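Here's the letter readout for the chains.
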Amino acid sequence: MTDTAIPTDTPPDTRFANDDLRPVPPGERRWSTYNFAALWVGMAHNIPSWTLASGLVALGMDWKQAVFTIAVANVIVLVPMLLTGHAGPKYGIPFPVLARASFGLRGANLPALIRAAVACCWFGIQTWIGGQGVFVLLGKVFGGWADASEIGGEPWTLWLCFVLFWALELAIIYRGMETLRRFENWAAPFVLVGAVVLLVWIAHKAGGLGPLLDQPSKHGWGPDFWPVFFPSLMGMIGFWATLSLNIPDFTRFGKGQRAQVWGQTLGLPTTMTAFALLSVLVTSGSQAVYGVPIWDPVELVARTDNVFGLLFALLTVLIATISVNIAANVVSPAYDLANLAPRFITFRRGALITGVVGVVIFPWKLTSTPELYIFTWLGVVGGLLGTVAGILIADYWIIRRTVLDVPDLYRPGGRYWYRAGWNWRAVTAFAIGGVLAVGGSYSTVDDKGKKLGPFPVDGLIPVLKPLADYGWAVGLGAAVVVYTGLMVGERER
């Protein structure tokens, strides 16, 4: 991969561009290998990723199987991350502009808005979890905090924590991407130290690492394991499948290909695997100390009476959650919404809209059970986003061999205009890949025969049910094949 950044010009007056969507000039691409690695460390170290292993253990895996599943998933998702990220340092363009090459100048709003909707849901989840963490820890510092009068079934103090947390996130991203880069640079090592401190503390109290490490798998490594492993793997891939689409939003600020390739390779799979292992060790220690495994780090820390420890944990939770939520769930929809109406929506306005939508949706209920969270939410989202990733990769690497006409990405009537701004081949590939990926989505049943999830037990489309457990891979693979076939067939006419 070359490190050469290509200077690009765009039409001076076009309704498909604003200052946030135009290519970043080569002289302003300052992100180094450390910046990208720090970005991933900051994004990986958050409460939902800490509890990923707990969801897998709840499904019957032992800790080794859970960590193995998470490690494999992040190695796999790194590949499309690097492939789509390549266009960032080379052309300086964000994800929705890259999508114009395959979907068309108007058609790019389809994948962009899907990505934005997912990000808004994640923003709500992370903000609520962060607000709850602040509420719990402040309740330990200030007695009676949780006994306040209720509004909508929750103490008003919890709502206050949620609103203040929400406002702090938007205040940071409103300052722009350079502020985010500086924040991630010091947030990453701080959160990592906080996680290690938690491990040392619980290991000291437990006098060891606890019995969870000796807990056997309910499935073994035989034929009973793989039916649980593959849908779980797709769910773990779905956790970061969102970023595999919009990673150009960050790599467009990279000094070159080496910076984004090495930064992401060092930052993503290693950090997620280490964090999963850390969560298992800490939870095992909690089982030894308290008699039950405590997967939620906030709940665990809240059991201490040390005020300094509580305040340190409070600061760690704040920084960790803000770090991931801004980078993963505000940057992308801000660009995506700007792409929808460049003349009216800037990056900052897009960020504010994301914040409002993320609150209105109230999507945190998705985390209520492991089955709903891993199989339904992450699985379905992963399937759809894998389909979009397949189209982007096929277009950029197979059809165009990484060569783009940047001015035409902003010019109506150019080579990426297709028919009225839409490329029907990309839409067809998305429809076929999406149906194959999520059409067989199904719900499981518990020991009492109760359905766990919103889908029919036999699947939305029963004949596609066997594919549902491999949704991300099916969507990506089908999209690559269908899109490439349609585009090559058109050229041969």
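So, how was this worked out
- Residues numbered from 1 in each chain as written.
- Predicted model: local features only at pLDDT ≥ 70, side-chain atom pairs only at ≥ 80, totals over all residues.
- Heavy atoms only, no water.
- Axes fitted to C-alpha atoms, helices over the stretch in contact; angles between N-to-C directions.
- Helix = DSSP H or I, 4+ residues; strand = E, 2+ residues; numbered from the N terminus.
- Parallel < 35°, antiparallel > 145°, perpendicular 65-115°, else oblique.
- Left-handed = near helix turned anticlockwise from the far one by under 90°.
- Contact = heavy atoms within 4.5 Å.
- Nonpolar A, V, L, I, M, F, W, Y, C, P; charged D, E, K, R; others polar.
- Core = buried A, V, L, I, M, F, W, Y, C linked by side-chain atoms within 4.5 Å.
- Buried < 20%, exposed > 50% of the residue type's maximum accessible area, 1.4 Å probe, protein only.
- 1 Å grid on protein atoms, 1.4 Å probe; cavity = no way out; pocket = protein on both sides within 12 Å on 5 of 7 lines; lining within 4 Å.
- Points joined across faces, edges and corners; volume = space filled by probe spheres on them.
- Expected span 1.5 Å × (residues − 1).
- Phe/Tyr/Trp six-rings, centres within 6.5 Å; stacked < 30°, edge-to-face > 60°.
- Polar contact = N/O pair within 3.5 Å; in protein donor to acceptor, adjacent residues only side chain to side chain.

(A) The packing of helix 1 (residues 33–44) against helix 12 (residues 257–290), seen in detail. Relative orientation of the contacting elements helix 1 and helix 12 amounts to 25 degrees, with a least axis distance of 7 Å. The angle between helix 1 and helix 12 falls in the class roughly parallel. For the pair helix 1 and helix 12, the crossing hand works out as right-handed. Contacts between helix 1 and helix 12 involve Thr33, Phe36, Ala37, Trp40, Val41 and Ala44 on the former and, on the latter, Arg258, Ala259, Gln260, Trp262, Gly263, Gln264, Leu266, Gly267, Leu268, Thr271, Met272 and Phe275. Residues that form the contact of helix 1 with helix 12 fall into these classes: 11 nonpolar, 6 polar and 1 charged.

(B) Looking closely at the nonpolar core. Counting residues in each nonpolar core, the largest one holds 138 residues, and the members touching the most others are Trp240 and Phe250. Considering every element that reaches this core, the biggest residue donor is helix 7 (residues 109–141), with 12 residues. With sequence-adjacent residues up to four places away left out, Phe250 is seen in contact with Trp31, Phe36, Leu39, Met177, Leu180, Leu243, Ala327 and Val331.

(C) Expanded view of unusual backbone geometry. Phi angles above zero are rare outside glycine, and Tyr418 is one such case at about 55 degrees. Along the polypeptide, Tyr418 turns up in the loop between helix 17 (370–399) and helix 18 (424–438). Classification of Tyr418 by relative accessible area gives partly exposed; the value is 23%. Of note, Ala420 is a non-glycine position whose phi angle comes to about 55 degrees, a positive value. Considering the arrangement of structural elements, one finds Ala420 in the loop between helix 17 and helix 18. A relative accessible area of 44% places Ala420 in the partly exposed class.

(D) Quick look at the environment of Gly350. One can find Gly350 in helix 16 (residues 347–361). A residue is classified by how much of its surface remains accessible, and Gly350, at 0% relative accessible area, is buried. Considered as a pair, Gly350 and Pro456 are 106 residues apart in the sequence and their alpha carbons are 36 Å apart. Ignoring anything within four residues of it in the chain, the contact list for Gly350 reads Ala334, Leu337 and Ile345.

(E) The arrangement of empty space enclosed by the protein in detail. Enumeration over the complete set of coordinates arrives at 3 cavities of 30 Å³ or more. Empty space within the second largest cavity amounts to approximately 60 Å³. For the lining of the second largest cavity, the secondary-structure elements that each account for two or more residues are helix 7, helix 10 (226–246) and helix 14 (307–329). Here the lining of the second largest cavity is built from residues that sort into 5 nonpolar, 3 polar and no charged.

(F) Up close: helix 10. Compared with the 30 Å implied by 1.5 Å per residue over 21 residues, the 31 Å span of helix 10 between its first and last C-alpha is a close match. For helix 10, the tally of buried residues reaches 18 of 21 residues, placing the bulk of the element in the interior.

(G) Main features of the packing of aromatic side chains. Applying the stated criterion across every chain yields a total of 17 aromatic pairs. Seen in terms of ring centroids, Phe16 and Trp417 are 5.9 Å apart; in terms of plane orientation they differ by 75 degrees. Their pairing is edge-to-face. Residue Phe16 is located in the segment before helix 1, and its partner Trp417 is located in the loop between helix 17 and helix 18; the two are separated by 401 residues in the primary sequence. You'll find Phe16 and Trp417 in the same group, each marked buried. Between the aromatic rings of Trp31 and Phe250, the centroid separation amounts to 6.2 Å while the plane-to-plane angle is 50 degrees, which identifies the pairing as tilted. With Trp31 in the segment before helix 1 and Phe250 in helix 11 (residues 248–251), this pair connects stretches of sequence that are 219 residues apart. By relative accessible area, which is 0% here, Phe250 ends up buried.

(H) View of the side chain of Arg400. Along the chain, the position of Arg400 falls in the loop between helix 17 and helix 18. Exposure remark for Arg400: the relative accessible area of 13% places this residue in the buried category. A distance of 2.9 Å separates the side chain of Arg400 from the backbone oxygen of Ala101, its partner in a polar contact. A polar contact is formed between the side chain of Arg400 and the side chain of Tyr418, at a distance of 2.7 Å.

(I) Geometry of the packing of helix 8 (residues 156–173) against helix 16. Packing of helix 8 against helix 16 leaves a shortest axis separation of 10 Å and a crossing angle of 160 degrees. Taken together, the axis directions place helix 8 and helix 16 in an arrangement best described as roughly antiparallel. Seen from above, helix 8 lies across helix 16 with right-handed handedness. Residues Phe162, Trp166, Leu170 and Ile173 of helix 8 form the contact with helix 16, whose own contacting residues are Phe347, Ala351, Leu352, Gly355, Val356 and Val359.

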